[in-house]
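# An overview of the molecular structure
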Amino acid sequence: MSQQAVKFAYWVPNVSGGLVVSKIEQRTHWGIDYNRKLAQLAEEAGFEYALTQIRFTAGYGAEFQHESVAFSHALLAATTKLKVIAAILPGPWQPALAAKQLATIDQLTNGRVAVNIVSGWFKGEFQAIGEHWLEHDERYRRSEEFIRSLKGIWSQDNFTFRGDFYRFDNYSLKPKPLGQPEIFQGGSSRAARDMAARVSDWYFTNGNTPEGIKAQVDDIRTKAAANNHSVKVGVNAFVIARDTEEEARAVLAQIIDQADPEAVNAFGDAAKQAGRASPEGEGNWAKSTFEDLVQYNDGFKTNLIGTPQQIAERIVALKAVGVDLVLAGFLHFQEEVEYFGKRVLPLVRELEAEVLTEVA
């Protein structure tokens, strides 16, 4: 187990509809006032990161969405310690624009911006905005060139790069960011994991069991070591922390019982179709059931559902298999982030300290 404390991030609800495709009440809002307060609560609760989402088209229960980079900057302006990870989609964004946007925000916020490179899985979204659609592995090749371009622009003067998707000739960006903003990415396909093992700082995986996560961690880190690279791993989890396990399980049952079948099935069909386009014939959601898909990124599978003690123990078990960060979603963000900070996170730190004492 790593001696570094596990880190925590939360999904920014900068899209309407919350994080579950359900008609259950979600006391959350996609607007800036709600999210400013949430960011401040999360920072006070001990969260290190927030992740803004990127969507271009309305649907799947999320009819309204803010642009991620601008929204990230607004949250950074409302906080002092929190890092905000802005999601960026190659295609609509070019690396020169992204590098300059993020370098400026980095300067303005004392180095607190990061980026999540989203390779894209939803063909309909690209078609809707007139963007050329690439095949599965080509999208990851483009993302890798995008990341290499960002790193080169941020670290070099007279940056020159000759790729299949992007080219630079003696390009110098000034001012550069204060440091290299951290680069996150997601995906479960072979191409996604191999890209992480070459160029990314962080790899996000969908929710899964500790055994399933360990297999991905071992695979990525073995390949990264062979590339003289290192990568940290974050896992998605939908957190339902209540005073009793019965209360928590009842909330989960209500979420699933009130799921929106049309939206869940539409999302599942599009997601699984995208996965079948990968060479291995499966992607992030290949083995997801209807119940899993009620939470977009298989967050129920991680099983952070129960009492604070149960959840803390499961987080430490995730850390033991190589998880460095938990990316958390909630039903009612403001009150549940605050509860998590008061009731769950201190128990995680106590358990981490106990493990280190035993090892010593």
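Position numbers for residues start from 1 in each chain and track the written sequence from start to end. Since the coordinates come from a predicted model, pLDDT governs what is reported: local features require at least 70, and pairs of side-chain atoms require 80 or more to be given and counted, while whole-chain, interface and lining totals use all residues. No hydrogens and no water enter the side-chain calculation; it runs on all heavy atoms of the structure.

### What to know about helix α8 (residues 245-257)
Taking 1.5 Å as the rise per residue, α8 with 13 residues should run 18 Å; its terminal C-alpha atoms sit 18 Å apart, in good agreement. Relative accessibility thresholds used throughout: buried, under 20% of the residue-type maximum; exposed, over 50%; partly exposed, between the two (1.4 Å probe, protein chains only). Helix and strand labels come from DSSP, where a helix needs a run of H or I of at least four residues and a strand needs a run of E of at least two; each type is numbered from the N terminus. Of the residues making up α8, those classed as buried are Ala 248, Val 251, Leu 252 and Ile 255. Projected down its long axis, α8 carries its buried residues within an arc of 100°, all on one side. In α8, the exposed residues that point more than 90 degrees away from the buried face are Glu 246 and Asp 257. Buried positions along α8 lie against β9 (232-238), β10 (240-241) and β11 (305-306). By this rule the span expected of a helix is its residue count minus one, scaled by 1.5 Å. The arc in question is traced by the directions running from the helix axis to the C-beta atoms. Residue contacts are counted whenever heavy atoms from the two residues lie within 4.5 Å of one another.

### Some points on the packing of helix α6 (residues 190-198) against helix α7 (residues 210-226)
Orientation is described by axes fitted as lines to C-alpha atoms, over the contacting stretch for helices, and by angles from 0 to 180 degrees between their N-to-C directions. Direction vectors running N to C along α6 and α7 enclose 45°, while the axes themselves pass 8 Å from each other. One element, α6, and the other, α7, form an angle in the oblique class. Crossing hand, α6 versus α7: right-handed. Between α6, through Arg 190, Arg 193, Asp 194 and Ala 197, and α7, the contact on the second element is made entirely by Gln 216, Asp 219, Ile 220, Lys 223 and Ala 224. Roughly parallel refers to an angle under 35 degrees, roughly antiparallel to one over 145, roughly perpendicular to one between 65 and 115, and oblique to any angle outside these ranges. The hand of a helix crossing depends on one turn: near helix anticlockwise from the far one by less than a right angle means left-handed, and clockwise means right-handed.

### Some remarks on the environment of Ala 248
Along the chain, the position of Ala 248 falls in helix α8. Ala 248 gets classed as buried once you look at its relative accessible area, which sits at 0%. Spatially, the C-alpha atoms of Ala 248 and Leu 304 are 9.7 Å apart, while their sequence positions differ by 56 residues. Sequence-distant contacts of Ala 248, that is, excluding residues within four places in its chain, are made with Ile 240, Arg 242, Ile 305 and Gly 306.

### Focus on the sheet that holds strand β2 (residues 49-51)
The strands making up a sheet associate through backbone hydrogen bonding, with each pair oriented either parallel or antiparallel. What makes two strands pair is DSSP finding at least two bridges between them. The strand order β1-β2-β3-β4-β7-β8-β9-β12 describes a closed barrel built from eight strands, whose pairing is parallel. Here the strands of the sheet are splayed against their neighbours by 30° on average, with no regard to which way each runs. Alignment of strand β3 (residues 83-88) against strand β4 (residues 113-117), held across five bridges, turns out to be parallel. Within β4, the residue paired with Ala 86 across the bridge is Val 115. Each of β3 and β4 touches helix α2 (residues 68-77); the most contacted strand, β3, lies at about 175° to it.

### Structural notes on the packing of helix α1 (residues 32-45) against α2
For any two helices packed against each other, the geometry comes down to the angle between their axes and how far apart the axes lie. Direction vectors running N to C along α1 and α2 enclose 50°, while the axes themselves pass 9 Å from each other. Viewed along their axes, α1 and α2 adopt a mutual orientation that is oblique. In terms of crossing hand, the pair formed by α1 and α2 is right-handed. When α1 is examined against α2, the residues Ile 32, Asn 35, Arg 36 and Ala 39 are found in contact with a partner set consisting of Phe 71, Ala 74 and Leu 75.

### Topic: unusual backbone geometry
Along the chain, Lys 174 connects to Pro 175 via a cis peptide bond; the corresponding omega equals 0°. Among the structural elements, Pro 175 can be located in the loop between β6 (167-171) and β7 (183-185). Backbone geometry places Asn 110, a non-glycine residue, at a positive phi of 60°. Owing to a relative accessible area of 63%, Asn 110 belongs among the exposed residues under this scheme. Despite not being glycine, Asp 298 has its phi angle at roughly 55°, a positive value. Mapped onto the elements, Asp 298 comes out in the loop between α10 (290-293) and β11.

### Notes on the pairing of β9
Along β9, six of the seven residues are buried, which leaves the element largely enclosed by surrounding structure. As paired elements, β9 and strand β12 (residues 325-329) share five bridges and run parallel to each other. Within β12, the residue paired with Val 235 across the bridge is Val 326.

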